[in-house]
Amino acid sequence: MVRYYVKKTDRKATSPRKLSAAVNLVRGGQSLRSVARLKNINRQTLWKACQKTKNLDAVSECTQEVQLKYGKRHIFSKDIEDSIVSYCLEVAQMGYGLSTDNVRELAFEVADKNKIQMPEKWSVEKKAGLDWFQGFMTRHKELSIRKPEGCSIARAAAFNKDTVEKFYFKYEAVLGRHPTFANGSRVYNLDETSTSTVQNARKIVSPKGQKQVHQVKSQERGVSVTTCCIIGAHGSVLPPVMIFPRKFFKSNMLINAFPGTLGLANLNGYMTTATFLDVINHFVKCTRSSKENPTLLLVDNVGTHLSGAAIDLCRENGVTLFTFPPHTTHRLQPLDVGIFGPFKTYYDAAINSFLVSNPAVPVTIYHIAGFVKEAFSKSATPANIIASFQKPGIFPLNKFVFQDSDFLMSKVTELQNPNTANPTSANLNSDDEATENLITNYEASEEAEDDPNENNEDYVDVSNEAGEPSTSSAFLTPEKIRGYPKAKPQVSTRKGRPKDSPERNEIKERERLTLEKKNAQEERKAKAEEKRRQKESETTSKKRKLKDKQELEGKKIRRVRKSKDKLELEGKKKTRVQRVLSFEDDLLIDNPEEDDVIMKENSPKVDERTINEGDYVLVKFKKYFVGKVIKEGGCDGDFEISYLSKSVKPKKRIAFVMPNVPDIRTVKKSNIEVVLPKPIIPKYVTKRLEASLSFNFNFSIYELE
């Protein structure tokens, strides 16, 4: 079936009034064809209209407008569909709206309970088809698919009719205390909001079909600065108060700030009891409040606003604190109703504008004051402020601004919020959880009997004005099939706070008990800390003694090792001396004169062998030199010898290297003392050591150069 069918003919274009006039002409005696040509109506359409009125008397005229039905066949009648629509609207206002799949499942249940013929696919999937849902939404324009805004169970239960009536009753009594309260010139509202260095994402223009669209922000998680705003019922605005998450406040934190802004600082950047006292002093300074010129300040029900010191300070300066019931500020507080919404929008836009103008420059807490000024100037306009006080009925006072439909969310519990207290001119209970955890269920009725004509309270009888029953004269409504969300009865063991508003003495007593409890807890912590430190000092002293003992033993061990090493070193020296002596004994060196004789006897004689090219020889002048024979001598018996240099690198042996500039000299055979053996070539050495030559020859008796 085509979901969006486009008509190709002009059928059903004839108005019912024109069609009724044509039917009367035909009934007056004129032919059907002539009337169709005269009125420019399709002949078949006119014939169908005449057939519809054929039961009337021949002389009577058709006084009612003739309406031909060309619509498609619907599964549900108009009455059943209207009941589904009303159920969807009511549960949505109660905070338990139905999704598209829930509506399709509800339609299947209604069709199944009322024995209505439906497509086979509905029975398989246990829900209505997507085509039916599209047509259902098209037929009922009062319905729309929207993304809901979250609302906690505490807020849903706290905003009930009884709480709101008591609030307006007390508020009306407070307004009568002073004429300036009644005319709204001295009525103010104070509340805090968070302003972060990271903006919330807003909709932007991007390529169609792209799955991921990004928006630059200064960092992943921003730093929050609490901004306290104060507005007046007559459209005025006071300079805000900004609380920075720093230990000390610095003047450069308020660069480009709103004129008169008060800057404060604490470690967490939140409103505290001590900080609220500074805010009250700022409020008194800006409004010039006194006992002769009092002011009414509306605040939310937070513990930091209800300290004894704050109440005393307000009474001294003629400020009357009036708190809203817990969890109802989203509907009753003017700042939440009409200011903070546009303020957040303009604040995010200001950060986006800064990031576009300053690419790759992160937003810090030193920029927030400028963003707050820009956003607050645009959102806190006199028109917005006046409308924000007017919508919840704060000023001008309107106790009947909320209808019964506004309290549908609290009907789930059907109980008065136990934590909601009567507001007074001094204060209310400090905020607490309004309700216990709520578990919702649906009260479903039993299945209907087969006979729909029986007198059953689950059925709704629908008949037209003529008394004739319609096609669905009796049917089960969604309310009877599913019922509305209902909370189970709560059995709480908690001792709730008194429902009447506590007076100043009660607050003082509660603060005293809290302070005593806190002091006792700190004393216990101090004792535990002292005990821990004492135990830690004892452990440290034991470890220190053990360490000193180990160090002393280590010193003794090191001394023994040093003495042992000294003895070993002395033993090695004695061993070396003994080796030298034994070597001299082996050589039988008794005097220097026998030295040359012995070496000459042990060394190869020059006359005994022929000196060839490439041999290494020991040449004697004033000192001894080692060289390599390059060329044999001529007839005189001279040799060309390239002298080697003594290497200083090897420390354990005497080695020689060929100099970079060859030192070639002509030497007589008589100056050649000894023909050296072939040089020793080690196997595993580097190339540098490989160039050094060593000989298996004792050079210790020669004075080498």
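A short tour of the structure in this document, coming up. Owing to the predicted nature of the structure, the values given are computational and were not obtained by experimental measurement.

Structural notes on helix H11 (residues 273-287)
Link 1 in the chain: The terminal C-alpha atoms of H11 lie 21 Å apart, and with 15 residues this matches the ideal 21 Å at 1.5 Å per residue to within 8%.
Link 2 in the chain: Within H11, burial applies to Thr275, Phe276, Val279, Ile280, His282, Phe283, Val284 and Thr287.
Link 3 in the chain: Of the residues one or two after H11, Arg288 is the one with positive phi, at around 55°.

Some remarks on the pairing of strand S5 (residues 295-299)
Walk down a regular strand and you will see the side chains alternate between the two sheet faces.
Link 1 in the chain: For S5, a buried count of five out of five residues is recorded, marking the element as mostly surrounded by other parts of the structure.
Link 2 in the chain: Neither face of S5 is left uncovered, since the one carrying Thr295, Leu297 and Val299 and the one carrying Leu296 and Leu298 both have all their residues buried.
Link 3 in the chain: Judged from the three bridges that link them, strand S1 (residues 187-196) and S5 form a sheet pairing that is parallel. Bridging across to S5, Asn189 finds its partner in Leu298.
Link 4 in the chain: Inspection of the sheet shows S5 paired to strand S6 (residues 319-323) by five bridges, in the parallel sense. Looking at the pairing, Leu296 lines up with Thr320 of S6.
Link 5 in the chain: Note on the crossover from S5 through helix H12 (residues 308-316) to S6: the handedness is right-handed.

Brief notes about the side chain of Thr261
Link 1 in the chain: Relative to the assigned elements, Thr261 resides in the loop between strand S3 (237-245) and strand S4 (262-266).
Link 2 in the chain: Here Thr261 falls in the buried class, since its relative accessible area comes to 14%.
Link 3 in the chain: A distance of 2.5 Å separates the side chain of Thr261 from the backbone oxygen of Phe258, its partner in a polar contact.
Link 4 in the chain: Not counting the four nearest positions on each side in its chain, Thr261 is found in contact with Pro239, Pro240, Met242 and Leu254.

Observations concerning the environment of Gly338
Link 1 in the chain: Within the secondary structure layout, Gly338 lies in helix H14 (residues 334-357).
Link 2 in the chain: Looking at Gly338, the relative accessible area reads 22%, which means it is partly exposed.
Link 3 in the chain: Residues Gly338 and Ser388, spaced 50 residues apart in sequence, show a C-alpha to C-alpha distance of 4.8 Å.

What to know about the sheet that holds strand S12 (residues 624-631)
Link 1 in the chain: Spatially, the five strands line up as an open sheet ordered S16-S13-S12-S11-S17, and their pairing is antiparallel. Either end of the sheet is taken by a strand with one partner, and the two such strands are strand S16 (663-668) and strand S17 (672-675). In this sheet, neighbouring strand axes are inclined to one another by 45° on average, regardless of whether the strands run parallel or antiparallel.

Notes on helix H15 (residues 365-379)
Link 1 in the chain: When the terminal C-alpha atoms of H15 are compared, their 21 Å separation across 15 residues agrees well with the 21 Å that a helix rising 1.5 Å per residue should span.
Link 2 in the chain: Those residues of H15 that fall on the buried side of the exposure criterion are Ile365, Ile368, Ala369, Gly370, Phe371, Val372, Ala375, Phe376 and Ser379.
Link 3 in the chain: Buried positions along H15 lie against S1, strand S2 (224-232), S3, H14 and helix H16 (382-390).

Points about a positive patch on the surface
Link 1 in the chain: Residues Lys555, Lys556, Arg558, Arg559, Arg561 and Lys562 make up a contiguous surface patch of positive charge.
Link 2 in the chain: Structurally, Arg558 can be placed in helix H18 (residues 504-587).

Considering the pattern of salt bridges
Link 1 in the chain: Scanning the model with the defined rule gives 18 salt bridges in all.
Link 2 in the chain: The partner of Lys127 in a salt bridge is Asp101, with the nearest N and O atoms 3.8 Å apart. Of this pair, Lys127 sits in the loop between helix H6 (120-125) and helix H7 (130-139) while Asp101 sits in helix H5 (residues 100-113); the two residues are 26 residues apart in sequence, bridging distant segments of the chain.
Link 3 in the chain: Counted as one network, the salt bridges with shared partners bring together Glu529, Arg532, Arg533 and Glu536.

Quick notes on unusual backbone geometry
Link 1 in the chain: Looking along the chain, the bond that leaves Phe395 and enters Pro396 is cis, with omega of -5°.
Link 2 in the chain: For Pro396, the location among the structural elements is in the loop between H16 and strand S7 (440-442).
Link 3 in the chain: Its identity as a non-glycine residue notwithstanding, Lys115 has a phi of 55°, on the positive side.
Link 4 in the chain: Phi at Lys126 is positive, roughly 60°, even though this residue is not glycine.

About the cut-offs
- Think of each chain on its own: its residues are numbered from 1, step by step along the sequence as written.
- For this predicted model, a pLDDT threshold of at least 70 governs which residues receive local features, and a threshold of 80 or more governs which side-chain atom pairs are given and counted, while totals over whole chains, interfaces and linings are taken from all residues.
- In computing side-chain values, all of the structure's heavy atoms are included and hydrogens and water are not.
- Numbering of helices and strands runs from the N terminus, with a helix taken as a DSSP run of H or I at least four residues long and a strand as a DSSP run of E at least two residues long.
- Expected span, for any helix, means 1.5 Å times one less than how many residues it has.
- Think of it in three bands: residues with accessible area under 20% of the maximum for their type are buried, residues over 50% are exposed, and the middle band is partly exposed, with areas taken using a 1.4 Å probe on protein chains only.
- DSSP-based pairing: two strands are paired if at least 2 bridges between them are found.
- For a crossover, the right-handed case is the one in which the path from the first strand over the helix to the second runs clockwise, viewed with the strands pointing away from the viewer.
- Within 3.5 Å is the distance limit for a polar contact, defined as a pair of N or O atoms, with the added protein rule that one can donate a hydrogen and the other accept it, and that residues adjacent in sequence qualify only through two side-chain atoms.
- Any two residues whose heavy atoms approach within 4.5 Å are treated as being in contact.
- Fitted lines through C-alpha atoms give the axes, limited to the stretch in contact for helices. The angle between two N-to-C directions lies from 0 to 180 degrees.
- In this scheme, patches are assembled from residues that exceed 30% relative accessible area and form no salt bridge. Like charges are connected within 9 Å, while nonpolar side chains (Val, Leu, Ile, Met, Phe, Trp, Tyr) are connected within 5 Å.
- For every accessible area listed, the method is Shrake-Rupley and the probe measures 1.4 Å; residues are considered covered only by the protein chains on display.
- Think of a salt bridge as a Lys or Arg side-chain nitrogen and an Asp or Glu carboxyl oxygen that are within 4 Å of each other.
- Counted charges follow a simple rule, with Lys and Arg positive, Asp and Glu negative, and His plus the chain ends left uncounted.
- By convention, the point assigned to a charge is CZ for Arg, NZ for Lys, CD for Glu and CG for Asp.

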